[in-house]
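This is what each chain is made of:
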Amino acid sequence: MDDIEGTIVRNEPVIPGHFRVSIRLARPMGRVRPGQFVMLRIPSSEVFLRRPFSIYNYERGVLSLLYKVAGRGTAALANARAKVRVMVLGPLGNGFTVLAGHEAIVVAGGIGIAGVNLLWSKLRERKSLFWGCTDSAEAGLVDDLISCEPYVSTIDGSLGCKGNVVELLGEHISVLKRPAQVFACGPEPMLSSLRALLGDERIPCQVLVEERMACGLGICFGCVRKTLDEAEPYKRVCKEGPVFDLWQISP
Amino acid sequence: MADLSLSLFGKRLKNPVMNASGTLGYGSEIEPLWTVDTLGAYVSKGLSLLPHHGNPPPRLWEEPSALINSVGLQNVGVERFFKEKFPLFEERNTPVIINFFGFTEEDYVRCAESIGANRLILALEINLSCPNIKEGGICFGKEAQGVFRIVKKVKEATPLPIVAKLTPEVTDIVAIAAAAFEAGADGINVLNTFPAAAMDIENRVVALRGGLSGPFLKPMALRAIADISRRIPIPVIGTGGIMDHRDALSFLMAGAAAVQVGTATFVDPYAIPKIIKGMGAFLEARGIPRIDQIIGIARAQDSDI
C-alpha cells in the first residue's frame, strides 16, 4: 500500500450520471484483493479531502473506478480530463474472503456493482450474479462490463423481473447449490432485505459497505460501522472493513 | 544538515513536529507508509480511564477546505493502550505525549493517576476542549476557573509534565492559558478544533455537530501562539491548520516550541514527513544551523496590542 501518482487515461460516461475513469499509475500498486478500495485525491480546489472508491479493476498498472456522480467530489472528478494527474492511496481495507467449495452468489444493487466486479471476474467457484437496478437505463452499466447472464431485476420492470434484487434472489435461492456464500454491495435497504432472506439458513454473507471517510487509513476513526462486538461496537469501515460479515454488523 | 532537534520538558526530541491527538490513530496504522520515529513525539489518541465507544456514524462532514468531525473520543482506554499500543513506541524509541480526557474532574484525576512514569512519556496532555461530548471538556476549557481547577488536580495526581490543550472558543485565550500556568501546567497547546455544525438542506436537518479543523485555523492559532508565548513562560505547542512546512515554521517563529499536524495527514498521508524535510531544507537554504534559533524570532517586532 502506498500513495502513488497516476495520470488519467480516460474518464467517460458509461450511462448518464455514471462514469468510468482509468488511471495509469506511475508504479505498481500492492497486491489488490477484490473488495479493496483507494483514496483518490480529486484534482479540484473545491474538494478538500480524498474520496474513497472501490477498485473496479486493476491490471497492467491501470486502475479503473466506476462511479456515480453523487456529490461535490464525484462531480469534480467527472470533470477531470485525460492527462490530469491524481494521487492514489491504496489498495486499502480488507477485501472479500472466498470460502472454498461454496457456490458463490453475488448480489449488487445499482452502483454497488462497482464493488463486486473485480470479485466476480476472479471467482473460480460456481457462481451466479443477481443484479438489481432502478430501470433498464441503469442496467446499461454492465452491458459490456460483465460477461455472463445475470439475474436482473428493475424496480420499474423495464428490464428483467419487476421488483428488487433480493426478491429476485428469494425466488431462486432454494434451487441454488449448497453450501452457498453470498457477496453483496448495494444500498442499505438491500442489506436489510438480505438479512431477512438469509437469516433462517444463516448463509455466510459478506457485505461491502459505504461510509464517508477522511483518511482511509484507520487514523481518524471517522468512518465507523456499528457491529455486535459489545466491547468495541464501532469498527472502522476503512480498516476493519469495508467488507464485513453481515452477521456481525448491527441490524 | 540543519539540526532540527530541541529540548522539551527535559527530553531531547529529534524534531519539533508531532501529530495532533486523534489524527494518527494508535500510530501503527501509518506504519505501512512511514515509521512513527519520524515524529518528534507521538501524541496519543485521546484516552480515558475506561474504553469509550465514541459517537454513532455519521462522524464526518466536509466543508470548503475544512472538516467537521464528531468521533466522540472513541478509544481503547489507558490499560489496553499501554498493553497493546505502547510497545510500538518502545520498539521505535519514540517519545509519547499521552492525551487524555474525562467526564468529571475525578475522571481526569483517576486517568492521570493510572498512567505510570516511563522514560518515553514526554507529558500528559489534558483535553480541556473536546466539543463532541456533552459532559466533556468544553465545560472545563471555556472558563479560567474550571481550567485552573482541573489542571491543579491533575498536577497533584501525577509527577509527569502536564500540557493543557485549549479550546479556541473562548473570549480571552491568554487568560485561560494563564490560569493553566498558574495551576501548574508545564506547557500549553493551542488550539483544538472549533465547535461547528453542518446543515443537510435536502432533508432540512442539522447533519452533524462537531469540531471544525483545517487550514482556516492556522491564522487563529498563530495569533494565539504569539499572544500566549509572549506572556506565559512555559512552552507553547502550536496546533491548528498546519498544511505544510511554511505553516509549521510560522508557528515556531511566532513562539511555538513545537507543532502538531492533524487534518493535513488526511489530505496527504505523507504531510508530516514532508513538513519535517521542508523545515530542514528551509533552514539549510538560509544558512541557519539549528531550528531553536528561529523559535520566537518574530516576537520582538510583533506588537499584539
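Residues numbered from 1 in each chain as written. Chains lettered and ligands numbered in written order. Predicted model: local features only at pLDDT ≥ 70, side-chain atom pairs only at ≥ 80, totals over all residues.

### A look at the nonpolar core
Note the cut-off: Each nonpolar core consists of buried Ala, Val, Leu, Ile, Met, Phe, Trp, Tyr and Cys residues. Their C-beta atoms, within 7 Å, join them into a set. Exposed residues have 12 or fewer other C-beta atoms within 10 Å of their own C-beta, buried residues have 20 or more, and residues in between are partly exposed; the C-beta atoms are placed from the backbone. Secondary structure follows DSSP: runs of H or I at least 4 residues long count as helices, runs of E at least 2 residues long count as strands, and numbering of each begins at the N terminus. Residue ranges labeled as domains rest on an automatic or database domain assignment. Contact between residues is assigned whenever the C-beta positions, reconstructed from backbone atoms, fall within 7 Å.
In this structure, V106(A), I126(B), V151(B), A164(B), A180(B), I188(B) and I225(B) are the most contacted members of the largest nonpolar core, which totals 179 residues. Among the elements that line this core, the one with the most residues is helix α6 (residues 217-231) of chain B, at 7 residues. Here this core spans two domains, and each of domain 1 (2-92) and domain 2 (103-208) of chain A adds at least three residues to it. V106(A) has contacts with V116(A), L119(A), W120(A), K127(A), L129(A), F130(A) and F183(A), leaving out every residue within four places of it along the chain.

### Comments concerning the sheet that holds strand β13 (residues 236-239) of chain B
All names here are of chain B. How we decide: Any two strands with at least two DSSP bridges between them are considered paired.
Here 8 strands make up an open sheet; going across it, the order is β3-β14-β13-β10-β9-β8-β7-β4 and the pairing parallel. A single partner strand is all that each edge strand has here, and the edge strands are β3 (17-19) and β4 (42-43). As paired elements, β4 and strand β7 (residues 96-100) share 2 bridges and run parallel to each other. The residue of β7 that forms the bridge with Y42 is V96.

### Some details on the domain arrangement of chain A
All names here are of chain A. Definition in use: In this count, Pro and Cys sit with the nonpolar residues alongside Ala, Val, Leu, Ile, Met, Phe, Trp and Tyr, while Asp, Glu, Lys and Arg are called charged and the others, Gly among them, polar.
Splitting chain A by domain gives domain 1 (2-92) and domain 2 (103-208). Domain 1 and domain 2 are separated by 24 Å when their C-alpha centres are compared. Taken together, the 12 residues of domain 1 in the interface contact 12 residues of domain 2. Of all the secondary-structure elements, those providing two or more residues to the side of domain 1 that touches domain 2 are β1 (2-15) and β6 (62-68). Residues belonging to the side of domain 1 that touches domain 2 are distributed by class as follows: 7 nonpolar, 4 polar and 1 charged.

### Some points on the interface of chain B and chain A
It is common to give the size of an interface as the accessible area that goes away when the parts come together. Tallying the contact residues gives 28 residues for chain B and 24 residues for chain A. Put simply, the parts of the chain that give the side of chain B that touches chain A at least two residues each are β5 (60-63), β6 (66-69) and α8 (264-267) of chain B. In terms of residue class, the side of chain B that touches chain A is built from 16 nonpolar, 9 polar and 3 charged.

### Points about the sheet that holds strand β3 (residues 37-41) of chain A
All names here are of chain A. How we decide: Comment: axis = line fitted to C-alpha atoms, over the contacting stretch for helices; angle = value between 0 and 180 degrees taken between N-to-C directions.
Taken in spatial order, the 7 strands of this open sheet run β4-β3-β7-β1-β2-β6-β5, and their pairing is antiparallel. Each of the sheet's edge strands pairs with one partner strand only, and the pair in question is β4 (51-54) and β5 (57-59). Within the sheet, the average angular offset between the axes of one strand and its neighbour, ignoring direction, is 35°. Bridge count between β1 and strand β2 (residues 18-25): 8 bridges; the pairing is antiparallel. For I8, the partnering residue across the bridge sits in β2 and is I23.

### Focus: helix α5 (residues 173-182) of chain B
Residue and element names in this part refer to chain B. Every buried residue of α5 is listed here: I173, I176, A177, A179, A180 and F181. Buried residues along α5 sit against α4 (144-157), β9 (162-166), β10 (187-190) and α6. Just downstream of α5, G184 is the residue with a positive phi angle, here 110°.

### Quick look at the confidence of the model for chain B
The condition that has to hold: A residue's pLDDT is the predictor's confidence in that residue, given on a scale from 0 to 100.
Confidence in the prediction of chain B, expressed as mean pLDDT, is 94, and 96% of residues score 70 or more. Here the complex is predicted with pTM 0.95, and the ipTM for its interfaces comes to 0.95.

### A look at the packing of helix α4 (residues 165-172) of chain A against helix α5 (residues 188-198) of chain A
All names here are of chain A. Which entries qualify depends on this criterion: When an angle is under 35 degrees it counts as roughly parallel; over 145 it counts as roughly antiparallel; between 65 and 115 it counts as roughly perpendicular; any other value is oblique. Each helix crossing is assigned a hand: it is left-handed if the near helix lies turned anticlockwise from the far helix by less than a right angle, otherwise right-handed if that turn is clockwise.
Where α4 meets α5, the axes come as close as 9 Å, and the angle between the chain directions of the two elements is 20°. Taken as axis vectors, α4 and α5 run roughly parallel relative to one another. Read as a crossing pair, α4 and α5 show a hand that is right-handed. On α5, the residues touching V165, V166, L169 and G170 of α4 are M190, S193, L194 and L197.

### Observations regarding the pairing of β10(B)
Residues and elements named next belong to chain B. Residues G187 and N189 line one face of β10 and the alternating positions I188 and V190 line the opposite face, and both faces are buried. Examined bridge by bridge, β9 and β10 share 4 bridges and lie parallel to one another. Paired with V163 across the bridge in β10 is G187. Across 3 bridges, β10 lies against β13 in parallel orientation. In the strand pairing of β13, V190 is matched with G238.

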